[in-house]
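Listed below are the residues making up each chain.
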Amino acid sequence: SERGSNHGDEPEEHIRRGNEHRSVEEYDEAIECYERAIHADPSIVLAHFEKGKTHMEVGEHREAVECFEIVVQLDSKNTEGHKARGDAYQQLENYKEAVNCFSK
């Protein structure tokens, strides 16, 4: 998708950079890249999905759930999105349960 020299702002490019950051555990930078992709194209499912996965990796399950909710809203047949959303909800519930255990 070469469209002149101004393709640095393509959502795909931001996602690619986000994946690179995530692979070296630079999670804040990764999320920033995914957010840039989403800003450039709010309907890009992959950006929401990767952002959600990154939130999961750092234990931000509520944020992950929000990302995966958007994934399945944008693409209701996205089985990975549905599965990831289920996992995120489960983690969130487990976390609540754990907190309840500790606060007794």
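Anything mentioned here points back to the structure above.
For every chain, the first residue of the written sequence is number 1, and numbering continues from 1 onward in sequence order. Local features in this predicted model are restricted to residues of pLDDT 70 or higher, and side-chain atom pairs are both shown and tallied only at a pLDDT of 80 or more, whereas totals for entire chains, interfaces and linings draw on every residue. The side-chain quantities take in all heavy atoms of the structure and omit both hydrogens and water.

J.: Whenever I open this one, the overall build of the protein confuses me. Can you help?
T.: Scanning the protein from N- to C-terminus turns up five helices and zero strands. Comment: elements are numbered from the N terminus, with helices defined as DSSP H or I runs of at least four residues and strands as E runs of at least two. Listing every helix and strand of the protein by position from the N terminus yields α-α-α-α-α. Pairs at least 24 apart in sequence give 41% of the contacts found in the protein among residues at least 6 apart. As displayed, the protein has an accessible area near 6,700 Å², and 48% of this comes from carbon and sulfur atoms. Counted charges follow a simple rule, with Lys and Arg positive, Asp and Glu negative, and His plus the chain ends left uncounted. Where a charge sits is defined by one atom per residue type, namely NZ (Lys), CZ (Arg), CG (Asp) or CD (Glu). If the 13 positive side-chain charges of the protein are averaged to one point and the 24 negative ones to another, these points end up 5 Å apart. Whether two residues are in contact is decided by their heavy atoms, any of which lying within 4.5 Å being enough. A 1.4 Å probe and the Shrake-Rupley method give the accessible areas. Residues count as covered only by the protein chains that appear here.

J.: For this particular structure, what's the right way to read the nonpolar core?
T.: Burial of nonpolar side chains together is a common tendency in soluble globular proteins. Judged by nonpolar contacts, Phe49, Ala64, Val65, Phe68, Val71, Ala84, Ala88 and Leu92 together constitute the single largest core of eight residues. Broken down by element, this core gets its largest block of residues, four residues, from helix H4 (residues 61–74). Here Val71 is in contact with Val45, His48, Phe49, Asn78 and Gly81, once residues within four sequence places are set aside. Note on terminology: a nonpolar core comprises buried Ala, Val, Leu, Ile, Met, Phe, Trp, Tyr and Cys residues joined through side-chain atoms within 4.5 Å. Only protein chains enter the calculation, and the probe is 1.4 Å; a residue is then buried if its accessible area is under 20% of its type maximum, exposed if over 50%, and partly exposed in between. The next biggest cluster of nonpolar side chains, apart from the first, holds seven residues, and it includes Ile15, Ala30, Ile44 and Ala47.

J.: Help me understand the pattern of salt bridges, please; the structure alone is not making it clear to me.
T.: When a carboxyl oxygen of Asp or Glu is within 4 Å of a side-chain nitrogen of Lys or Arg, the pair counts as a salt bridge. Within the structure shown, the criterion is met by eleven salt bridges. Close ionic contact of Arg17 with Glu13 constitutes a salt bridge, the shortest N to O distance being 3.3 Å. Residue Arg17 and its partner Glu13 are both found in helix H1 (residues 11–23); the two are separated by four residues, about one turn of the helix. Exposure remark for Arg17: the relative accessible area of 28% places this residue in the partly exposed category. Owing to a relative accessible area of 19%, Glu13 belongs among the buried residues under this scheme. Salt-bridge contacts for Asp87 lead to Lys83; the nearest nitrogen and oxygen are separated by 3.1 Å. Residue Asp87 and its partner Lys83 are located together in helix H5 (residues 79–102), separated by four residues, close to a single helical turn. Judged by its relative accessible area of 29%, Asp87 falls in the partly exposed class.

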